[in-house]
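One-letter residues, chain by chain:
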Amino acid sequence: MASPNNRVVTADTEAATWHVRLGVRSVSTRTIEEFFAWRSEPANAEAYRRVEKVWAAAGKLAGDRQIQAAVAEAMERKVDRNAKRRLPRTLFGAAAVTAAVVLSMGIWFWHQTRTVFSTDVGEQQVVQLADGSTVRLDTGSQIQVRFERDERRIELERGQALFTVAHDADRPFVVSAGGARVTAVGTVFDVRRAGENVQVTLVSGAVDVARAAGAPPSRLSAGQQARVTPAAVTTRAVDVAKATSWTDGRIVFEDTSLRDAVAEVNRYLTDGIDLEAGEWADVPINGVFRAGDREAFASAAAEGLGLSSSVKPDGTLLLSKRTNN
């Protein structure tokens, strides 16, 4: 029967190996499923938390000259051949021989845990994070993930994402987007970034929204939306189902100007729609369309507003004033 101490060592080694596998840019669904099956055992879950803490702490010390000198000295030490044969083949197994080498590996993996996920125009993707949270990315979006000892950080670099956050009271889930900072523990919320302007919609739970780190936050409750600009944070009540309809592949317009509607439809198109200047650009429209269905939207707009729809040589579709022949 294996001793408890041996099980702890094995769990730590396996945890470090999993951290390596999950730290790459692209992680398969099968790998994620295998990880959660492994982490379902309490001992494994605790081992994974320990590894995260070691690597996070090591990253904060990466610039310390004394630490760098200790790491360099440890890496230069000679190990006899028999000892080398006994070393595990995983990176963390080798690092576990001495505390100094553990630290050196921690510094190396600190940089590897910055993971970037992105979608092309017209594409959506669901990303499963190592803590059990999920992120649904909308068209043309990109996030950077960085988990630390006391905080789970996500940078929304462009686009829109729906976050379903696994509860962890010890490590808040923080999404930064432009000048906005959204903090949650366990909840569901949507963040959309357009330059420095950010829109946050809370589906369930509670989040704090601030213009920047250190600024007084605004607490949102379910069904509220915050608009964050460089000048202020404003909140209002919204229809959550409509605000997050993109997750079902739908675009909902409710008294939306044709100009703004065209801009929204174009987010999902490589060959978009051009709208000729005219008074019709400010006419409000209503309707539900499938994201990426250019022809259906253009046909409805042309018929409802008496416009002409034609495809230009470059592949874009032009909505213009209908001429009487």
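Structure: see above.
Values in this document were obtained by computation on a predicted structure and should not be read as measured data.

**So, the overall build of the protein chain**
Here comes step 1: Within the protein chain one finds ten helices and 18 strands.
Here comes step 2: Expressed as a percentage of its 325 residues, the buried residues of the protein chain come to 42%.
Here comes step 3: Intrachain contacts of the protein chain at a sequence separation of at least 6 include 47% that bridge at least 24 residues.
Here comes step 4: If you sum the accessible surface of the protein chain, you get close to 17300 Å²; carbon and sulfur atoms cover 50% of it.

**So, the nonpolar core**
One recurring pattern in soluble globular proteins is that nonpolar side chains are buried together.
Here comes step 1: L129, I154, F163, V175, F189, V191 and V200 are the most contacted members of the largest nonpolar core, which totals 29 residues.
Here comes step 2: No other element matches the four residues that strand β5 (residues 152-164) contributes to this core.
Here comes step 3: When residues no more than four places from it in sequence are discounted, the contact partners of V200 are V182, F189, D190, V191, V209, L220, Q224, Q225 and A226.
Here comes step 4: Within the second largest apolar cluster, 22 residues are counted, among which are L162, L258, A298 and L307.

**Points about the environment of A222**
Here comes step 1: Among the structural elements, A222 can be located in the loop between β11 (218-221) and β12 (224-228).
Here comes step 2: Taking the C-alpha atoms as reference points, A222 and T187, separated by 35 residues in sequence, lie 9.6 Å from one another.
Here comes step 3: Once residues lying within four places of it in the same chain are set aside, the contact partners of A222 are L202, V203, S204 and G205.

**Side note on the pairing of strand β4 (residues 142-147)**
Here comes step 1: Of all the six residues making up β4, five are buried; the element is thus mostly covered by neighbouring parts of the structure.
Here comes step 2: Pairing between strand β1 (residues 115-118) and β4: four bridges, direction antiparallel. Its bridge partner being in β4, F117 is matched across the sheet by I143.
Here comes step 3: Sheet analysis places β4 next to β5, joined by six bridges and oriented antiparallel. Across the sheet, Q142 pairs through a bridge with R158, a residue of β5.

**Regarding the packing of aromatic side chains**
Here comes step 1: Throughout the structure, instances matching the rule amount to five aromatic pairs.
Here comes step 2: With a centroid separation of 5.2 Å and an interplanar angle of 25 degrees, the aromatic rings of F163 and F189 are classed as stacked. Here F163 is found in strand β5, whereas its partner F189 is found in strand β8 (residues 188-194), with 26 residues between them in sequence.
Here comes step 3: Every member of this aromatic cluster is reached through a ring pair, and the members are F163, F173 and F189.
Here comes step 4: It is R171 that lies over the ring of F147; its NZ or CZ is 5.6 Å from the centre.

**Topic: the sheet that holds strand β18 (residues 317-321)**
Here comes step 1: Read from one edge of the open sheet, three strands run β15-β18-β17, paired in mixed fashion. Each edge of the open sheet carries a strand with a single partner, namely β15 (273-275) and β17 (307-311). Each strand of the sheet is rotated relative to its neighbour by a mean of 25 degrees, with strand direction disregarded.
Here comes step 2: Where β15 and β18 come together, three bridges link them in parallel fashion. From the neighbouring strand, L275 faces β18, where its bridge partner is L319.
Here comes step 3: Sitting on the sheet, helix α9 (residues 258-266) touches β15 and β17, and the angle it makes with β15 is about 165 degrees.

**Some details on unusual backbone geometry**
Here comes step 1: Unusually for a residue other than glycine, D255 sits at a positive phi of about 50 degrees.
Here comes step 2: Among the structural elements, D255 can be located in strand β14 (residues 250-257).

**Brief notes about α9**
Here comes step 1: What α9 keeps buried is the set L258, A261, V262, E264 and V265. Along α9, the residues classed as buried sweep out an arc of 160 degrees about the axis, all on the same side.
Here comes step 2: Residues of α9 that are buried make contact with β8, β14, β15, β16 (284-290), α10 (294-305) and β17.

The rules behind these values
Residues numbered from 1 in each chain as written. Predicted model: local features only at pLDDT ≥ 70, side-chain atom pairs only at ≥ 80, totals over all residues. Heavy atoms only, no water. Helix = DSSP H or I, 4+ residues; strand = E, 2+ residues; numbered from the N terminus. Buried < 20%, exposed > 50% of the residue type's maximum accessible area, 1.4 Å probe, protein only. Contact = heavy atoms within 4.5 Å. Areas by Shrake-Rupley, 256 points an atom, 1.4 Å probe, with all protein chains shown as cover. Core = buried A, V, L, I, M, F, W, Y, C linked by side-chain atoms within 4.5 Å. Pairing = 2+ DSSP bridges. Phe/Tyr/Trp six-rings, centres within 6.5 Å; stacked < 30°, edge-to-face > 60°. Lys NZ or Arg CZ within 6 Å of the ring centre and 35° of its normal. Axes fitted to C-alpha atoms, helices over the stretch in contact; angles between N-to-C directions. Arc of directions from axis to C-beta.

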